[in-house]
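Now for the letters of each chain:
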Amino acid sequence: QVQLQESGPGLVKPSQTLSLTCTVSGASISNGGYYWSWIRQHPGKGLEWIGYIYYSGSTHYNPSLKSRVTISVDTSRNQFSLKLNSVTAADTAVYFCAGLHVGTAMVDYWGQGTLVTVSS
Amino acid sequence: QSVLTQPPSASGTPGQRVTISCSGSSSNIGSNYLFWYQQLPGTAPNLLISRNNQRPSGVPDRFSGSKSGTSASLAISGLRSEDEADYYCAAWDDRLSGPVFGGGTKLTVL
């Protein structure tokens, strides 16, 4: 059974960098077949794709966030990470890590989500 | 503003049939699979309909999906109180090279 678990600070100050890590268990990131993704959901709102990384390290980001986002992967730890810099209150959201199937573009796996609040 | 368009709310009484629409464009729904997810409060979305109209194992046959052109719909028949949730459509977008989502539809069972 594949499980994803987000970890990182729940509170970030404005202008600082939001950093989250997703630990994958039950599957190896190195096996390929999935775009390891970050998706966020503003309070009471819909879902927004942030970006993804493939096991090879290739990345693709939502153009609306591209200038502030970096996603990296550590295959030795079976983890992938998100960094979002220069955050504002508008970045307050629940952040999900997810496994997006390359062939179908279906989100096969979701983390439970973690609320990150941007506030001083 | 979400790329895919859904009505913000829908409602029905127990036993009724309700449908939720999802509208997109040729770069997403028009050329790729459409998925539906159900999200209960405080939880991650859960796959409800795969590849336009396929039900994953465990999903009751009261739920059905369809797609035509750049639009899709989710139908729920024999509405039950436990169906009260938020529903999201999603598809790959060829222009974005990433997934896009609808804004979500909050279903209320009256």
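Before reading further, recall that the structure is shown in the block above.
Note that the structure is predicted; figures quoted are calculated from it, not measured. (Residues numbered from 1 in each chain as written. Chains lettered and ligands numbered in written order. Predicted model: local features only at pLDDT ≥ 70, side-chain atom pairs only at ≥ 80, totals over all residues. Heavy atoms only, no water.)

### Structural notes on the overall build of chain A
What chain A contains, in helices and strands, is 0 helices and 11 strands. Helices (α) and strands (β) of chain A occur, in sequence order from the N terminus, as β-β-β-β-β-β-β-β-β-β-β. Relative to the 2.2 N^0.38 estimate, which gives 14 Å for 120 residues, the radius of gyration of chain A is 13 Å and therefore close to what a compact globule would have. Taking the principal axes of the C-alpha coordinates as reference, chain A spans close to 40 × 25 × 25 Å. Counting across all 120 residues of chain A, residues that qualify as buried make up 47%. Counting only carbon and sulfur atoms, one obtains 47% of the accessible surface of chain A, whose full area is about 5,400 Å². (Helix = DSSP H or I, 4+ residues; strand = E, 2+ residues; numbered from the N terminus. Rg over C-alpha atoms; globule rule 2.2 N^0.38 Å. Buried < 20%, exposed > 50% of the residue type's maximum accessible area, 1.4 Å probe, protein only. Areas by Shrake-Rupley, 256 points an atom, 1.4 Å probe, with all protein chains shown as cover.)

### Points about the state of the cysteines
A covalent bond between the sulfur atoms of two cysteines is what we call a disulfide. Applying the stated criterion across every chain yields a total of 2 disulfides over all chains. For A:Cys22, the disulfide goes to A:Cys97, at an S-S distance of 2.1 Å. Across the S-S bond of A:Cys22 and A:Cys97 the torsion is about 60°, and the bridge reads as right-handed. Pair noted here: A:Cys22 is in strand β3 (residues 18–25) and A:Cys97 is in strand β9 (residues 93–101), with a separation of 75 residues, a long-range link. The exposure class assigned to A:Cys97 is buried, which follows from its relative accessible area of 0%. There is a disulfide in this structure between B:Cys22 and B:Cys89, and the S-S distance comes to 2.1 Å. Where B:Cys22 bonds to B:Cys89 through sulfur, the torsion about that S-S bond is close to 80°, and the disulfide is right-handed. One end of the pair, B:Cys22, is in strand β2 (residues 18–23); the other, B:Cys89, is in strand β7 (residues 85–93), and 67 residues separate them in sequence. Take B:Cys22: its relative accessible area is 1%, and that puts it in the buried class. (Disulfide = S-S within 2.5 Å.)

### Re the packing of aromatic side chains
Two descriptors summarise a pair of aromatic rings, namely the distance from one centre to the other and the angle between the planes of the rings. All names here are of chain A. On inspection of all chains with the given rule, the structure shows 13 aromatic pairs over all chains. Centre to centre, the rings of Trp49 and Tyr52 are 5.5 Å apart; their planes meet at 35°, and the pair counts as tilted. One exposure class covers both Trp49 and Tyr52, and it is buried. Centre to centre, the rings of Tyr54 and Tyr55 are 4.7 Å apart; their planes meet at 65°, and the pair counts as edge-to-face. Judged by its relative accessible area of 36%, Tyr55 falls in the partly exposed class. (Phe/Tyr/Trp six-rings, centres within 6.5 Å; stacked < 30°, edge-to-face > 60°.)

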